[in-house]
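Remarks on the overall topology
Take a look at the letters that make up each chain.
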Amino acid sequence: MNKNEQKIIDLIKKDAYISQQELADSLGLSRPSVANLISGLVRRGYIRGKAYVLNDLKQIVCVGGANLDRKVYVKDEIQLGTSNPIRTTKNAGGVARNIAENLGRLGMDTTLLTVSGSDSEWNYIAEQSLPYMNLEDVTHFSKATTGSYTAVLDDDGDLLLGLADMDIFDLMIPEWIQQHVSLLQQAKCILADLNCPKDTLQFLCKFAKSRDITLILVAVSTPKMKHIPDKLGGLSWMITNLDESEAYFQCDLTPTEAVEKWLALGVENVVITKGKEGAVVGNKAEEIYHVPAIETREIIDVTGAGDAFSSAVTYAWLEGESLIDTTKAGVVNATRTLQTAYTVRRDLTALQLQEDMEELL
């Protein structure tokens, strides 16, 4: 055991029901970091049968993409067929990974299930991610390349072109996810993005329904709407934008019509985003609500705003908020993320999100 693991064992011996937050405060670590340490101690047999461990290890399991995000900012109007002056940055990215970091910063115990290469790109992603999520169940393939996404942005931060090297995610097949059943069946929520193959998402729908586990699907792009399972029974939430929904249903829709179509397929709760027009949310038990976007003149970078929205919706719903307040949390977190240069905003905490909601709504 390392020094921090030994300290955790010593504190548990004094109080078997000590919470992870109390452990984090005692060690001067974040709660997700403590969750990582405890998970390792449980797997290695140092901790068994403690009530607080069983409760705290009811994690959110995020399944899907983790990749290196490169952002290329074009300084002037882009000109095709010639050289353009740019500046570049890199960050850990991927929809499932970004959502996991948001949730970790919000104080939720989160595990990431993904695949990667055994390369420097993954080492960078892991270094940036470890403080906020458990990475022990990531599968590494020595002959594959870690996923990458290159966003070409104009000087205002608007996306001009996205380039995705995501072939590795084809390895997230049902046989792969079935190796993690013991983790999944302990989850209080499974969130999966559409980087996962269709058969894998179909397995997760059946799995979550049979065990009454909250399952959230998050769309990632229009082309990957083809990964939507044929049967959506057992799906607790569908989070998608209007363009993605129109691509799936192959017709023009209003946001309200899109919500109604997803509900008709058996999804329990649906939220449809439409940029500056806000979001529309609904379920069969309540009416359909429109939550306006928050006007902001300061948009630094749009990358990560959708993931910020999805993570705050997940967080607020699991915290017991109403349907409309859950969506408002998503809108607020997305707005604040637009105002930063980071894919996941650095000041995010549960308290900060609450203060932002009080200020902006």
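Attention here is on the structure that accompanies the text. Sequence order as written defines residue numbering, which begins from 1 separately in each chain. Selection of residues for local features in this predicted model requires a pLDDT of at least 70, selection of side-chain atom pairs for listing and counting requires 80 or more, and totals for whole chains, interfaces and linings are taken over all residues. Excluding hydrogens and water, the side-chain figures rest on all heavy atoms present in the structure.

**Quick notes on the overall build of the chain**
Counted only if it meets this: Only DSSP runs of H or I with at least four residues qualify as helices, and only runs of E with at least two residues qualify as strands; both kinds are numbered from the N terminus onward. Only C-alpha atoms enter the radius of gyration; for comparison, a globular chain is expected to reach 2.2 Å times N to the power 0.38, where N is the number of residues. Burial status follows relative accessibility: with a 1.4 Å probe on protein chains alone, a residue under 20% of its type maximum counts as buried, one over 50% as exposed, and anything between as partly exposed. By the convention used here, residues are in contact when the closest approach between their heavy atoms is within 4.5 Å. Computed with the Shrake-Rupley method and a 1.4 Å probe, the accessible areas treat only the protein chains shown as cover for residues. Charged residues are defined narrowly, with Lys and Arg counted positive, Asp and Glu counted negative, and His plus the chain ends left uncounted. Taken as the charge centre is NZ of Lys, CZ of Arg, CG of Asp or CD of Glu, depending on the residue.
What the chain contains, in helices and strands, is 14 helices and 14 strands. For 361 residues, the compact-globule estimate of 2.2 N^0.38 gives 21 Å, and the C-alpha radius of gyration of the chain, at 20 Å, lies within 12% of that figure. Projected onto its principal axes, the C-alpha coordinates of the chain cover approximately 60 × 50 × 45 Å. Across the 361 residues that make up the chain, the buried fraction comes to 54%. Nonlocal contacts in the chain, meaning residues at least 24 apart in sequence, comprise 65% of its contacts between residues at least 6 apart. Summed over all atoms, the accessible surface of the chain reaches about 16,500 Å², with 47% contributed by carbon and sulfur. Counting 35 positive and 50 negative side-chain charges, the chain places the centres of these two groups 7 Å from one another.

**Remarks on the sheet that holds strand β4 (residues 110-113)**
Operational definition: Here, a strand pair is defined by DSSP locating no fewer than two bridges between the strands. Axes, fitted as lines to C-alpha atoms, cover a helix only where it is in contact. Angles between the N-to-C directions of the axes lie from 0 to 180 degrees.
Here we have eight strands laid out as an open sheet, ordered β4-β1-β9-β10-β11-β12-β13-β14, and mixed in their pairing. Only two strands of the sheet have a single partner each, and these edge strands are β4 and β14 (289-291). Across the sheet, the axes of successive neighbouring strands diverge by a mean angle of 15°, strand direction being ignored. The pairing of strand β9 (residues 189-193) with strand β10 (residues 214-218) spans five bridges and is classified as parallel. Pairing of Asp193 across the sheet is with Val218, part of β10. Here helix α9 (residues 198-211) sits on the sheet and contacts β9 and β10; the angle it forms with β9, its principal contact strand, is near 165°. With respect to the sheet, helix α10 (residues 242-249) is in contact with β11 (237-241) and β12 (269-273), its orientation differing from that of β11 by roughly 105°.

So, to be careful, I would describe these as geometric facts and stop short of saying anything about function.
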